[in-house]
Amino acid sequence: MTTMMQHPTKKMMMHMTFFWGKNMEMLFAGWPGSRTGMYALALVFIFFLSFLVEGLSHSRFVKPSGPNSSSSSVGLAQTLAHTVRVGLGYLVMLAVMSFNGGVFLAAVAGHSLGFLLFRSRVFKKPDDQPPAKTVAALPLHH
């Protein structure tokens with residue numbers, strides 16, 4: 001299903017179901033357009049954005065370092081990092097809403113590789129793992 005949107009200078013098709021093809025618009029008017037190289041660049045861009053979202057989601061860039069660190073400056077830095085992560089996540093979401101199959105696959109692949117590198121246990125040393133959570137034994141009532 002597609003719908004026609006009126007633009008002051010041209011008519012443009014907006015897909016409402018997944019489609020395959022390089023002729024599309026995503027995020028910005030006229031980009032990537034109908035050129036194969038620009039479409040490939042758009043896929044790399046979305047892959048990188050979704051990879052970066054995963055990296056920001058699973059990394060701690062700001063850690064309080066003792067009595068000399070100001071809690072308000074740490075809080076502002078954490079808020080800034082969160083804001084960037086959410087903004088990038090929304091850009092990826094809007095790109096996927098173009099309903100282009102290649103964009104969808106690039107976003108999923110970027111998130112997957114980001115999770116594999118930043119969060120999964122595949123590349124972590126045993127001493128890097130957080131301690132396992134234990135469940136306290138409940139007293140038995142007889």
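Predicted, not measured: the structure shown is a model, and the values here were computed from it.

Visitor: Honestly, the pairing of strand β4 (residues 28–33) in this entry has me stumped. Any pointers?
Guide: Moving residue by residue along a regular strand, the side chains alternate between the two faces of the sheet. When strand β3 (residues 24–26) meets β4, the two strands line up antiparallel, connected through 3 bridges. Note on β4: the bridge partner recorded for M26 is F28. Between β3 and the antiparallel strand that follows it, β4, lie 1 residue; L27 among them carries a positive phi value of about 70°.

Visitor: Where do I start with helix α1 (residues 36–57) in this structure?
Guide: In an α-helix, one full turn covers 3.6 residues, which means residues spaced three or four apart are oriented alike. Taking 1.5 Å of rise per residue, the 22 residues of α1 would be expected to cover 32 Å, and the 32 Å separating its terminal C-alpha atoms lies within 8% of that figure. Among the residues of α1, Y39, A42, I46, L49, S50, F51, V53, E54, G55 and L56 are the ones counted as buried. Among the structural elements, β3, β4, α2 (71–96) and α3 (101–118) are those in contact with the buried residues of α1.

Visitor: Any chance you could explain the nonpolar core here in plain terms?
Guide: Nonpolar side chains in soluble globular proteins tend to be buried together. M24, M26, I46, L49, L88, A95 and V103 are the most contacted members of the largest nonpolar core, which has 16 residues in total. Of all the secondary structure elements, the ones that give two or more residues to this core are β3, α1, α2 and α3. Looking at this core, the element that brings in the most residues is α1, giving 6 residues.

Visitor: Would you explain the packing of α1 against α3 in this entry?
Guide: Angle between the axes and distance between the axes: these two values describe a pair of packed helices. Contact geometry for α1 and α3: axes closest at 7 Å, N-to-C directions at 35°. Where α1 crosses over α3, the handedness of that crossing is right-handed. On α3, the residues that touch Y39, L43, I46, F47, S50, F51, V53, E54 and G55 of α1 are G102, V103, A106, A107, A109, G110, H111, L113, G114, F115, L117 and F118. Here the contact of α1 with α3 is composed, by residue class, of 14 nonpolar, 6 polar and 1 charged.

Visitor: Teacher, can you tell me more about a nonpolar patch on the surface here?
Guide: Together, F18, W20, F104, L105 and V108 make up a nonpolar patch on the protein surface, roughly 550 Å² of accessible area in all. Mapped onto the secondary structure, F18 falls in the loop between β2 (11–15) and β3.

Visitor: So what exactly am I meant to see when it comes to the UniProt feature "transmembrane region" (unreviewed entry) in the protein chain here?
Guide: Residues annotated in UniProt with the feature "transmembrane region" (unreviewed entry) correspond here to residues 90–118. Summarising residues 90–118: 86% helix, 0% strand, and an end-to-end C-alpha distance of 20 Å.

Visitor: Teacher, can you tell me more about the packing of aromatic side chains here?
Guide: The description of an aromatic ring pair rests on the distance of the ring centres and on the angle between the ring planes. Counted according to the given criterion, the structure contains 1 aromatic pair. Measuring from centroid to centroid gives 5.3 Å for F51 and F118, while their planes differ by 50°, and the two rings are tilted. One end of the pair, F51, is in helix α1; the other, F118, is in helix α3, and 67 residues separate them in sequence.

Visitor: Please clarify how the side chain of E54 should be interpreted in this entry.
Guide: Following the sequence through the fold, E54 ends up in helix α1. Buried charge without a partner: E54 forms no salt bridge, and the closest opposite charge is R119, 7.8 Å away. Reaching out from E54, the side chain makes a polar contact with the side chain of H58 at a distance of 3.0 Å. Apart from residues no more than four positions distant in its own chain, E54 is found in contact with H111, G114, F115 and F118.

Visitor: Hey, could you run me through α3 in this one?
Guide: The end-to-end C-alpha distance of α3 is 26 Å, a good match for the 26 Å that 18 residues give at a rise of 1.5 Å each. Those residues of α3 that fall on the buried side of the exposure criterion are G101, G102, V103, A106, A107, G110 and G114. Among the structural elements, β3, α1 and α2 are those in contact with the buried residues of α3. For α3, the side-chain oxygen to backbone nitrogen distance between the N-cap and G102 is 2.9 Å, and the N-cap itself is N100.

What counts as what
Residues numbered from 1 in each chain as written. Predicted model: local features only at pLDDT ≥ 70, side-chain atom pairs only at ≥ 80, totals over all residues. Heavy atoms only, no water. Pairing = 2+ DSSP bridges. Helix = DSSP H or I, 4+ residues; strand = E, 2+ residues; numbered from the N terminus. Expected span 1.5 Å × (residues − 1). Buried < 20%, exposed > 50% of the residue type's maximum accessible area, 1.4 Å probe, protein only. Contact = heavy atoms within 4.5 Å. Core = buried A, V, L, I, M, F, W, Y, C linked by side-chain atoms within 4.5 Å. Axes fitted to C-alpha atoms, helices over the stretch in contact; angles between N-to-C directions. Left-handed = near helix turned anticlockwise from the far one by under 90°. Nonpolar A, V, L, I, M, F, W, Y, C, P; charged D, E, K, R; others polar. Patch = residues over 30% accessible without salt bridge, like charges linked within 9 Å, V, L, I, M, F, W, Y side chains within 5 Å. Areas by Shrake-Rupley, 256 points an atom, 1.4 Å probe, with all protein chains shown as cover. Salt bridge = Lys/Arg side-chain N within 4 Å of Asp/Glu carboxyl O. UniProt positions renumbered as here; feature names shortened; annotations may be inferred. Phe/Tyr/Trp six-rings, centres within 6.5 Å; stacked < 30°, edge-to-face > 60°. Lys, Arg positive; Asp, Glu negative; His and termini not counted. Polar contact = N/O pair within 3.5 Å; in protein donor to acceptor, adjacent residues only side chain to side chain.

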